Amino acid sequence: MQTSGRLSTIAERVEAVRLRIAGACRRSGRSSDEVTLVAVSKGFTSEAVREGTAAGLRHFGENRVQEGQAKLPQLTDISPRLTWHMVGHLQTNKVKTALGLFDIIHSVDSLHLAEAISRRAPPSVRVPVLLEVNVAGEPAKYGLSPEELPAQAEAIRSLPGLDVRGLMTVAPMTGGDEELRPVFRSLRRLAGSLKLRELSMGMTDDFELAVEEGATIVRIGRAIFGERSGR
Ligand SMILES: *Cc1c(COP(=O)(O)O)cnc(C)c1O
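Within every chain, residues take consecutive numbers counted from 1 along the sequence as written. Residues qualify for local features only when their pLDDT is at least 70, as the model is predicted, and side-chain atom pairs are given and counted only at 80 or more; totals for whole chains, interfaces and linings, by contrast, use all residues. With hydrogens and water set aside, each side-chain value is computed from the structure's full complement of heavy atoms.

J.: Please explain the packing of aromatic side chains as it appears in this structure.
T.: The geometry of two aromatic rings is summed up by the distance between their centres and the angle between their planes. Pairing of aromatic rings covers Phe, Tyr and Trp, the last through its six-membered ring, and needs centres within 6.5 Å; plane angles under 30 degrees mean stacked, over 60 mean edge-to-face, and all others mean tilted. Counted under the stated rule, the structure contains 2 aromatic pairs. Ring geometry for Phe60 and Trp84: centres 5.6 Å apart, planes at 35°, overall tilted. Remark: Trp84 occurs in strand S3 (residues 83-86) and Phe60 occurs in strand S2 (residues 59-62); sequence separation between them is 24 residues. Only protein chains enter the accessibility calculation, which uses a 1.4 Å probe. A residue is then buried if its area is under 20% of the maximum for its type, exposed if over 50%, and partly exposed in between. For Phe60, a relative accessible area of 0% gives the class buried. Relative accessible area serves as the criterion here: at 5%, Trp84 is assigned to the buried category. Helix numbering and strand numbering both begin at the N terminus, where a helix is a DSSP run of H or I of at least 4 residues and a strand a DSSP run of E of at least 2.

So this is what it looks like as structure tokens:
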């Protein structure tokens, strides 16, 4: 695998990320135990995932069902078994396949999708899900708007077969701390008002800020696996 910079192995990068999460926790009076590190392996091979597990990672994320379908079956021998997070937009016609692959879906961005998951959930299973919120109202981005969230959340929580555990957001790509911090803070407030515990926020470029603002799940790709080529 192509590597760059001083931190050359996945193990070293994982350690560096863990230290940065711990630092952000310390600054905000939190415990590192409160933050789950999800390594987003999209664009990387199952061998890279294996290397991550050797570094102690147990939670991995993918953003496409098709890529998960190719990769996850190569990793079923790993023990204890890995927890897989679906973090990308999910089409309703892929729900059934996704439920066979992933343990939790971060990207429920419409009532329509939630209903499809509810219909497909195996009997007596409640699928753990997060509701994706487009906090900054970016036109090209998926997610429920903060305004529609309360009503949509209520409708989604009343569906059988789902366990709504929290909220997720992808922060704007551009912008400095002064623009990002209010986004994370808004998601935290929204979750608080809905009495939802999990906050999936923070990626390679902004995870320390997200942890300072209360993230319980960070989704990190490049800082662990390196730059993705051609995506
Ligand atoms: C790719 C991706 C990530 C990880 O992004 P990095 O910038 O590589 O850390 C997190 N969340 C979602 C939804 C993604 O698609």
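J.: What should I look at first to understand the pairing of strand S6 (residues 162-168) in this one?
T.: Two faces belong to every sheet, and in a regular strand the side chains alternate between them. Along S6, 6 of the 7 residues are buried, which leaves the element largely enclosed by surrounding structure. Examined bridge by bridge, strand S5 (residues 127-132) and S6 share 6 bridges and lie parallel to one another. Pairing of Leu130 across the sheet is with Gly166, part of S6. Remark: the S5/helix H6 (residues 149-157)/S6 crossover connection has right-handed handedness. Pairing between two strands requires that DSSP report at least two bridges joining them. Relative to strand S7 (residues 198-200), S6 runs parallel, the two sharing 3 bridges. The residue bridging Gly166 from the neighbouring strand is Glu198, located in S7. By definition, the crossover connecting two strands over a helix is right-handed if that path, from the first strand to the second, turns clockwise as seen with the strands pointing away from the viewer. In this fold, S6 hands off to helix H7 (residues 177-193), which returns the chain to S7; that crossover is right-handed.

J.: How should I be thinking about the site of the ligand in this particular structure?
T.: In the vicinity of the ligand, the contacting residues are Val40, Lys42, Asn63, Val87, Val170, Met203, Thr204, Arg219, Ile220, Gly221, Arg222 and Arg228. Within the side chain of Arg228, an N or O atom sits 2.8 Å from an oxygen atom of the ligand. For every accessible area listed, the method is Shrake-Rupley and the probe measures 1.4 Å; residues are considered covered only by the protein chains on display. Bound to the protein, the ligand loses 92% of the 390 Å² it would expose on its own. Each residue gets one label: Ala, Val, Leu, Ile, Met, Phe, Trp, Tyr, Cys and Pro are nonpolar, Asp, Glu, Lys and Arg are charged, and the others, such as Gly, are polar. Here the shell around the ligand is built from residues that sort into 5 nonpolar, 3 polar and 4 charged. In this text, near means that some heavy atom of the residue lies within 4 Å of the molecule or strand in question. Under this definition, polar contacts are N or O atom pairs within 3.5 Å; protein pairs additionally need one hydrogen-donor-capable and one acceptor-capable atom, and for neighbouring residues in sequence, both atoms have to be side-chain atoms.

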